[in-house]
Amino acid sequence: MENIFAGVKLWALLFTVLAIAACGGGTADQSQDGNQEDQLLTVVTTVSPITSIVENIGGSRIRLEGVVPEGVNSHTFEPVPSMAKLMSEADLIIINGLFLEEPTLALAESNKRDDAVILSLGDQAVTKENWQFDFTFPEAAGHPNPHLWPDPNLGLRYAELVYDQLVAMDPKNAEYYAKNLAGFRVRVKQLDEAIRAAVATVPEQNRKLLTYHDSWAYFAKQYGMEVIGAVQPSNFSQPSVKEVAGLIDQVKSLGLPAVFGSEVFPSDVLEAIARESDAQFVDDLADDDLPGKPGDPEHSYLGLMRQNLVVMIPALGGDASVMADVDVRNVFDGPSGAIYPQ
Ligand SMILES: [Zn+2]
């Protein structure tokens, strides 16, 4: 009997131990996850299209936070001093470069750890020979148009540069990053083909852009469109009366059906140009304000570009229905926890 009791006790003990182990399993996993969390690269980015591209490659294996809130003027954005702490915690700081985020770059440089890396995508994606200068970004000032990403081929180049950097700093997740890059490449290719097809439906004489904010230089070059001008001067003030008169003449003589404003830069001037030249005023192109809100499937770099084409192409007399099939969701499974300041 004693043996049986001892056996029962032993079973009870074993059961208890197993139960504790099972319950404790959660705790053990959590602490393991916690350790993995601690090992995640901390990546800080600037504007939301770049945050989205980085999110697509890094997925849930990096800790990612953007700095520039959506819907603000990224060209004049001044980081608040509290961002110094974020910079000091970063392993990797990814910016567009090409003089877009000078105050943020200065803050990063003076607060980052010695071993932290600053990756300037725009400076690596194109050589100086490919820099575009225009009305808002005149060659005399020496700062090229920094908006490379509206050309999705350059957006893909950004993704490749991000991939190279993540693999260099975090080789144990190389396979995961490679899978994400491969998926992203497929989506960009699909987007690129859809843009080509959509632009092809625009009457040739209408493949011209007059925008308020000058962010379409690289896009236009890629897709055979012409940027005939931008309204916003290089100091982000208002254009002169003479410049406005010149633009009205230009839109009239070209018979342009539409001119394009931006949500971030409301422009009475462009509206007046549209009115005087009988063009439609389309006020919702965006270069860094992602559609929807964080967590929405269309709140992505690819979603931003799809949305721009849906706005632009019909206004110029074309058909953007091909854009509806473009998959703009993030390529990795599950939420990444990336922070997009609003
Ligand atoms: Zn811009």
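As shown above, the structure is provided for reference.
Rules of the game
- Residues numbered from 1 in each chain as written.
- Predicted model: local features only at pLDDT ≥ 70, side-chain atom pairs only at ≥ 80, totals over all residues.
- Heavy atoms only, no water.
- Axes fitted to C-alpha atoms, helices over the stretch in contact; angles between N-to-C directions.
- Helix = DSSP H or I, 4+ residues; strand = E, 2+ residues; numbered from the N terminus.
- Parallel < 35°, antiparallel > 145°, perpendicular 65-115°, else oblique.
- Contact = heavy atoms within 4.5 Å.
- Nonpolar A, V, L, I, M, F, W, Y, C, P; charged D, E, K, R; others polar.
- Buried < 20%, exposed > 50% of the residue type's maximum accessible area, 1.4 Å probe, protein only.
- Pairing = 2+ DSSP bridges.
- Right-handed = clockwise from strand over helix to strand, strands pointing away.
- 1 Å grid on protein atoms, 1.4 Å probe; cavity = no way out; pocket = protein on both sides within 12 Å on 5 of 7 lines; lining within 4 Å.
- Points joined across faces, edges and corners; volume = space filled by probe spheres on them.
- Domains from an automatic or database assignment.
- Core = buried A, V, L, I, M, F, W, Y, C linked by side-chain atoms within 4.5 Å.
- Expected span 1.5 Å × (residues − 1).
- Arc of directions from axis to C-beta.
- Donors = N, O, S within 2.8 Å, 3.2 Å for Na, K, Ca; no water.

1. Here we look at the packing of helix 7 (residues 174-200) against helix 11 (residues 301-315)
No. 1: Interaxial distance between helix 7 and helix 11 falls to 11 Å at its minimum, and their mutual angle equals 5°. It follows that helix 7 is roughly parallel to helix 11 by the angle criterion. Across the interface between the two elements, Phe184, Arg187, Val188, Leu191, Ile195, Ala198 and Val199 from helix 7 touch Tyr301, Leu302, Met305, Arg306, Leu309 and Ile313 from helix 11.
No. 2: Residue composition of the contact of helix 7 with helix 11, grouped by class: 11 nonpolar, no polar and two charged.

2. A look at the pairing of strand 1 (residues 41-45)
No. 1: Strand 1 sits mainly inside the fold: five of its five residues count as buried.
No. 2: The alternating pattern of strand 1 places Leu41, Val43 and Thr45 on one face and Thr42 and Val44 on the opposite face, and all of these are buried.
No. 3: In this sheet, strand 2 (residues 62-66) lies alongside strand 1 in parallel orientation, the contact comprising five bridges. Bridge pairing in strand 2 places Val43 opposite Leu64.
No. 4: In this view, the connection linking strand 1 to its parallel neighbour strand 2 by way of helix 2 (residues 48-58) has right-handed handedness.
No. 5: Here three bridges tie strand 1 to strand 3 (residues 92-95), and the two strands are oriented parallel to one another.

3. Points about the layout of surface pockets
No. 1: The space that makes up the largest pocket amounts to roughly 340 Å³.
No. 2: Considering the residues around the largest pocket, the lining is formed by 18 residues, among which Glu55, Gly295, Asn330, Phe332 and Gly334 are closest to the centre.
No. 3: By residue class, the composition of the lining of the largest pocket is seven nonpolar, six polar and five charged.
No. 4: In this structure, the second largest pocket spans a volume of roughly 240 Å³.
No. 5: Residues of the lining of the second largest pocket, tallied by class, amount to 10 nonpolar, six polar and two charged.
No. 6: There are two domains that each give the lining of the second largest pocket at least three residues, and those are domain 1 (39-193) and domain 2 (204-321).

4. Topic: the nonpolar core
No. 1: One finds Phe184 and Phe219 to be the most contacted residues of the largest nonpolar core, which totals 85 residues.
No. 2: Counting residues per element, this core draws most heavily on helix 7, at 10 residues.
No. 3: No fewer than three residues from each of domain 1 (39-193) and domain 2 (204-321) sit in this core.
No. 4: By size, the runner-up hydrophobic cluster in this structure holds 17 residues, among which are Leu256, Val259, Val269 and Leu270.

5. A short note on helix 9 (residues 241-254)
No. 1: With 14 residues, helix 9 should reach 20 Å at 1.5 Å per residue; the first-to-last C-alpha distance of 20 Å fits that figure.
No. 2: Those residues of helix 9 that sit buried are Val244, Leu247, Ile248 and Val251. Looking down the long axis of helix 9, one finds its buried residues gathered within 100° of arc, a one-sided arrangement. Of the exposed residues in helix 9, the ones pointing more than 90 degrees away from its buried face are Lys242, Asp249 and Ser253.
No. 3: Tucked into the core, helix 9 has its buried residues touching strand 5 (208-211), strand 6 (226-230), strand 7 (258-262) and helix 10 (268-276).
No. 4: Positive phi shows up at Gly255, right after helix 9, with a value of about 65°.

6. Describing the pairing of strand 6
No. 1: By the bridge criterion, four bridges tie strand 5 to strand 6 in an arrangement that is parallel. Bridge pairing links Lys208 to Glu226 in strand 6.
No. 2: Remark: the strand 5/helix 8 (residues 217-223)/strand 6 crossover connection has right-handed handedness.

7. Some words on the coordination of the zinc ion
No. 1: Coordination of the zinc ion by the protein involves His75 (NE2), His147 (NE2), His213 (NE2) and Asp287 (OD), with metal-donor separations of 2.1 to 2.5 Å.
No. 2: Linear spacing of the donor residues for the zinc ion on their chain is H-x71-H-x65-H-x73-D. Here His213, found in the loop between strand 5 and helix 8, pairs with Asp287, found in the loop between strand 8 (280-285) and helix 11; they are 74 residues apart in sequence, far enough to count as distant.
No. 3: For His213, a relative accessible area of 4% gives the class buried.

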